[in-house]
Amino acid sequence: MSLTAGIVGLPNVGKSTLFNAITNQKILAENYLFATIEPNVGIVTVPDERMDKLREMYTPERFIPTSYEFTDIAGLVKGASQGEGLGNKFLSHIREVDAIVEVVRCFDDGKIIHVDGSVDPIRDIETINLELAISDLETINNRLERVAKKARTTKNKDDLIEVEALEKSKKSLESNVPLRQIEYTEDERRILKSYSFLTIKPIIYLANISESELGKEDNDYVKKVKEYASKENAKVVSLCAKVEEELSELDVDDKKEMLEALGLEESGLNKLIKATYDILGLATYFTVGKDEVRAWTFKKGMNAKKCAGIIHTDFEKGFIRAEVISYSDLIEQGSELKVKEAGKSRLEGKDYIMQDGDICHFRFNV
């Protein structure tokens, strides 16, 4: 299951520096507007200590952790919904992502220009969120009149649901409430999915702070971002993009030493990855053996049959059952054999709800 998170923000807030850290790729990161024109896409593996333990236990020929796709999208400016800056090209790139990581500058530095002349993270957030809302409203208005007329004529159930959902969405946006805060019915979500609304996507506000503020109490800028985010139940992750870029160039031991020197238990990127996983409702199951140890990402609530299909469609079509042990039981007992001897190995049917940390062997017949 692929995951794409789009890194967005005003120009010069640290997006491309953060992307360099995420992918350890040397893309352009310069102190002028629109240094990023086309979206840079990179794949990064998800750190998971459980995978390291499984590799030690099985010494497999292949070791495949789960991964993210991060997209660094060009800096947005006021008026993008009307074509300013990179305008609709920027917005179209956001429509393609599953989650939004909105980078906001939360530090003062006279050497780094700000598109609005001063540092004000709430103003920056509201600038971006307003452009996303205007774009969504335009989409709604363009569609609503046509579908409403059709629904009045045909009385088609889906058309009526679509009209109600669009009217609900329009009212919300006009009240300055993003669509991700609306409680839609399952049918409404199904019908609205094709619109790829921007404000319906889950969001993380990433507060980019200075190195001198790492490991300390939140500065006033970050406090304001957290207060703003709390109103829409959004997450906030604080990090220093420049430091993360430096960390990404170090080996494991040097990275650990640098984190300790900074008074940090883990990198900001690890926090970001965990936060992204959480807002998308994702979890991980494993397949293990001497040939391969691999992590698979799935949506919480998915059953065993659907999870088998993540590996291959044949696994889902011909699903018989899943042999399941939990990662914690494997570590506690020391081997699969001992887990079975302890009576903690299970045979689960197609309706079993997969749990984070399950280790599975799927039986199927096609």
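Values in this document were obtained by computation on a predicted structure and should not be read as measured data.

**Overview of the sheet that holds strand E7 (residues 235–239)**
Then step 1. Taken in spatial order, the six strands of this open sheet run E2-E4-E1-E5-E6-E7, and their pairing is mixed. Across the chains shown, the open sheet's two edge strands, defined by having one partner strand only, are strand E2 (40–45) and E7. Direction aside, the axes of adjacent strands within the sheet are offset by 25° on average.
Then step 2. Relative to strand E5 (residues 99–105), strand E1 (residues 4–8) is paired through four bridges, and the arrangement is parallel. When the bridges of E5 are listed, isoleucine 7 appears paired with valine 101.

**Comments concerning the environment of lysine 168**
Then step 1. Checked against the element boundaries, lysine 168 lands in helix H5 (residues 157–174).
Then step 2. Residues lysine 168 and isoleucine 182, spaced 14 residues apart in sequence, show a C-alpha to C-alpha distance of 8.5 Å.
Then step 3. Other than its neighbours up to four places away in sequence, lysine 168 contacts Ile182, Glu183, Tyr184 and Glu188.

**Some remarks on the nonpolar core**
Then step 1. Ranked by internal contacts, the top residues of the largest apolar core, which has 58 residues, are Leu18, Ile22, Tyr68, Phe70, Ile94, Tyr205 and Leu272.
Then step 2. Sequence-distant contacts of tyrosine 205, that is, excluding residues within four places in its chain, are made with Glu102, Ile125, Asn129, Arg180, Val225, Tyr228, Ala229, Glu232, Ala234, Lys235, Val236 and Val237.

**Here we look at unusual backbone geometry**
A negative phi angle characterises most non-glycine residues, just as the trans form characterises most peptide bonds.
Then step 1. Of note in this structure, asparagine 12 is not a glycine but carries a positive phi near 65°.
Then step 2. Inspection of the secondary structure assignment puts asparagine 12 in the loop between E1 and helix H1 (15–23).
Then step 3. Of the residues examined, asparagine 12 reaches a relative accessible area of 15% and is grouped as buried.

**Quick notes on the pattern of salt bridges**
Then step 1. Scanning all chains against the criterion turns up 23 salt bridges.
Then step 2. A salt bridge links arginine 346 to glutamate 348, with the shortest nitrogen-to-oxygen separation between them at 2.8 Å.
Then step 3. Overall, arginine 346 belongs to the partly exposed group, its relative accessible area being 27%.
Then step 4. Residue glutamate 348 is classed as buried on the basis of its relative accessible area, which comes to 18%.
Then step 5. One salt-bridge network, held together by shared partners, links Asp48, Arg50 and Asp356.

**Things to note about the pairing of strand E8 (residues 282–287)**
Then step 1. E8 sits mainly inside the fold: six of its six residues count as buried.
Then step 2. Side chains Leu282, Thr284 and Phe286 of E8 all project onto a buried face; the interleaved residues Ala283, Tyr285 and Thr287 project onto the opposite face, where all are buried too.
Then step 3. As paired strands, E8 and strand E9 (residues 292–299) are joined by six bridges and run antiparallel to one another. Directly across from leucine 282, in E9, lies its bridge partner lysine 299.
Then step 4. Once E8 ends, the chain turns through four residues before running back antiparallel as E9.

**Focus: the packing of H1 against helix H8 (residues 241–248)**
Then step 1. Look at H1 against H8: their axes get within 8 Å of each other, and the N-to-C directions meet at 25°. Of the possible angle classes, the one that applies to H1 and H8 is roughly parallel. Seen along the crossing, H1 lies across H8 with a hand that is left-handed. Contacts between H1 and H8 pair Thr17, Leu18, Asn20 and Ala21 from the former with Ala241, Lys242, Glu244, Glu245 and Ser248 from the latter.
Then step 2. Along the lines of polarity and charge, the residues of the contact of H1 with H8 split into three nonpolar, three polar and three charged.

**Structural notes on the packing of aromatic side chains**
Aromatic ring pairs are defined here through the distance separating the ring centres and the angle between the ring planes.
Then step 1. Under the counting rule described, the total for this entry stands at eight aromatic pairs.
Then step 2. When the ring of tyrosine 285 is compared with that of tryptophan 296, the centres are 6.5 Å apart and the planes differ by 20°; the resulting orientation is stacked. Within this pair, whereas tyrosine 285 is found in strand E8, its partner tryptophan 296 is found in strand E9, the two being separated by 11 residues in sequence.
Then step 3. Judged by relative accessible area, tyrosine 285 falls into the buried class, the value being 0%.
Then step 4. The exposure class assigned to tryptophan 296 is buried, which follows from its relative accessible area of 10%.
Then step 5. With centroids separated by 6.4 Å and ring planes inclined at 45°, the aromatic side chains of phenylalanine 286 and tyrosine 327 adopt a geometry described as tilted. A residue pair is termed long-range when its members are at least 10 positions apart, and phenylalanine 286 in strand E8 and tyrosine 327 in helix H13 (residues 327–333) qualify at 41 residues.
Then step 6. An aromatic cluster of three or more residues is present, and its members are Tyr285, Trp296, Phe298, Phe319 and Phe362.
Then step 7. Its guanidinium or amino end placed over the ring of phenylalanine 63, arginine 55 lies 3.9 Å from that ring's centre, counting from NZ or CZ.
Then step 8. The side chain of arginine 105 reaches across the aromatic face of phenylalanine 107, ending 4.9 Å from its centre.

Conventions used here
Residues numbered from 1 in each chain as written. Predicted model: local features only at pLDDT ≥ 70, side-chain atom pairs only at ≥ 80, totals over all residues. Heavy atoms only, no water. Pairing = 2+ DSSP bridges. Helix = DSSP H or I, 4+ residues; strand = E, 2+ residues; numbered from the N terminus. Axes fitted to C-alpha atoms, helices over the stretch in contact; angles between N-to-C directions. Contact = heavy atoms within 4.5 Å. Core = buried A, V, L, I, M, F, W, Y, C linked by side-chain atoms within 4.5 Å. Buried < 20%, exposed > 50% of the residue type's maximum accessible area, 1.4 Å probe, protein only. Salt bridge = Lys/Arg side-chain N within 4 Å of Asp/Glu carboxyl O. Parallel < 35°, antiparallel > 145°, perpendicular 65-115°, else oblique. Left-handed = near helix turned anticlockwise from the far one by under 90°. Nonpolar A, V, L, I, M, F, W, Y, C, P; charged D, E, K, R; others polar. Phe/Tyr/Trp six-rings, centres within 6.5 Å; stacked < 30°, edge-to-face > 60°. Lys NZ or Arg CZ within 6 Å of the ring centre and 35° of its normal.

Bear in mind that shape data such as this cannot, by itself, settle questions of function.
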